[in-house]
Amino acid sequence: MFRRKPAEKEVKPQEIETETTESIPFDEASLQEVWKAYKKESEMKGVSDTEMLVLNRPVKKSGENDVLIQLSSSLEISILERLEQGIVQYFRKHLRNSLILLQKEVSEQEKTKKLYTSKEKYDYMVEQNPALKDLKERLGLDFEF
């Protein structure tokens, strides 16, 4: 009981439709307009506060087809990764450039030392204005109890 293989149909090469990819150059002003529009649409859709934090970061044109978004932490990168595909598609559609890529840059935030004690506050103010030390000595003031 052998079964016969059905005769294979001749496969005709079909004409492959090539999608025309637009790559119209864009400028900084149009990029900023599209970014504002995307943020507004996202806000109307009701994205979370953490996503809006990322969407409020500045973007700028970087190179021919790259868009650079400046983030402040690696946590924001993970949030952006969830939104990245939608952002890139929106940019490509509205800027009519299918070659757009989104670049991420984490800028280091300057960490400032918190001043807690009276001595730390005094030392900081003396750095800013050395005449304060002279004034303290003349008046016989003491900030420690």
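Cut-offs used in this document
- Residues numbered from 1 in each chain as written.
- Predicted model: local features only at pLDDT ≥ 70, side-chain atom pairs only at ≥ 80, totals over all residues.
- Heavy atoms only, no water.
- Helix = DSSP H or I, 4+ residues; strand = E, 2+ residues; numbered from the N terminus.
- Buried < 20%, exposed > 50% of the residue type's maximum accessible area, 1.4 Å probe, protein only.
- Contact = heavy atoms within 4.5 Å.
- Areas by Shrake-Rupley, 256 points an atom, 1.4 Å probe, with all protein chains shown as cover.
- Expected span 1.5 Å × (residues − 1).
- Core = buried A, V, L, I, M, F, W, Y, C linked by side-chain atoms within 4.5 Å.
- pLDDT = per-residue confidence, 0-100.
- Salt bridge = Lys/Arg side-chain N within 4 Å of Asp/Glu carboxyl O.
- Arc of directions from axis to C-beta.

Enquirer: Where do I start with the overall build of the chain in this structure?
Expert: Helix and strand counts for the chain stand at 5 helices and 3 strands. The order of helices and strands in the chain, counted from the N terminus, is α-α-β-β-α-β-α-α. Of all 145 residues assigned to the chain, the portion counted as buried reaches 23%. Put simply, of all contacts in the chain between residues at least 6 apart along the chain, 60% involve residues at least 24 apart. Of the roughly 12,300 Å² of accessible surface on the chain, 51% is carried by carbon and sulfur atoms.

Enquirer: What is the right way to read helix H3 (residues 74-94) from this model?
Expert: Because each turn of an α-helix spans 3.6 residues, side chains separated by three or four positions in sequence point in the same direction. Across its 21 residues, H3 extends 28 Å between first and last C-alpha, which sits within 8% of the 30 Å expected from 1.5 Å per residue. Among all positions of H3, only Glu76, Ile79, Leu80, Leu83, Ile87, Val88, Tyr90 and Phe91 are buried. Next to the buried residues of H3 lie helix H1 (28-45), helix H2 (49-55), strand E2 (66-71) and strand E3 (101-106). Note on H3: the residue one or two positions beyond its end, Arg96, has a positive phi of about 55 degrees.

Enquirer: For this particular structure, what's the right way to read the nonpolar core?
Expert: In a soluble, globular protein the nonpolar side chains are often hidden away together inside. Ranked by internal contacts, the top residues of the largest apolar core, which has 22 residues, are Trp35, Val67, Ile69, Ile87, Phe91 and Leu102. Among the elements that take part in this core, H3 stands out by supplying 7 residues, more than any other. Among residues more than four places away in sequence, those in contact with Ile87 are Trp35, Tyr38, Leu55, Leu80 and Leu102.

Enquirer: Which parts of the structure should I look at to understand the confidence of the model for the chain?
Expert: Segments scoring low in pLDDT should not have their predicted coordinates read at a detailed level. The predicted model of the chain has a mean per-residue pLDDT of 82, with 82% of residues at 70 or higher. pLDDT under 50 marks residues 11-20. Its contacts with residues more than four places away, or in other chains, come to 0 contacts.

Enquirer: What exactly am I supposed to notice about the pattern of salt bridges here?
Expert: Two side chains with opposite charge may pair up if their charged atoms get near one another. Under the counting rule described, the total for this entry stands at 4 salt bridges. Of the charged contacts in the structure, one is a salt bridge between Lys104 and Glu84, with a shortest N-O distance of 3.5 Å. Residue Lys104 is found in strand E3, and its partner Glu84 is found in helix H3; the two are separated by 20 residues along the sequence. Residue Lys104 is classed as partly exposed on the basis of its relative accessible area of 33%. The salt bridge involving Arg138 is made with Asp134; its shortest N-O contact spans 3.3 Å. With Arg138 and Asp134 both in helix H5 (residues 131-139) and 4 residues apart, this pair spans about one turn of that helix.

Enquirer: Mind showing me how you'd approach the side chain of Ser42 here?
Expert: Among the structural elements, Ser42 can be located in helix H1. When neighbours within four sequence positions are excluded, Ser42 is seen to be in contact with Val47 and Leu55.

Enquirer: What is the right way to look at H1 in this model?
Expert: In a regular helix each residue adds 1.5 Å, so 18 residues correspond to 26 Å; H1 covers 26 Å between its end C-alpha atoms and thus fits that length. Listed in full, the buried residues belonging to H1 are Leu31, Val34, Trp35, Tyr38, Lys39 and Ser42. Down the axis of H1, the buried side of the element spans an arc of 140 degrees, and every buried residue falls inside it. Away from its buried face by more than 90 degrees, H1 exposes Glu33, Lys36, Lys40, Glu43 and Met44.

Enquirer: Whenever I open this one, the side chain of Glu76 confuses me. Can you help?
Expert: If you trace the backbone, Glu76 turns up in helix H3. Judged by relative accessible area, Glu76 falls into the buried class, the value being 3%. If we skip the residues at most four places from it in the chain, Glu76 touches Leu53, Val54, Arg57 and Leu71.

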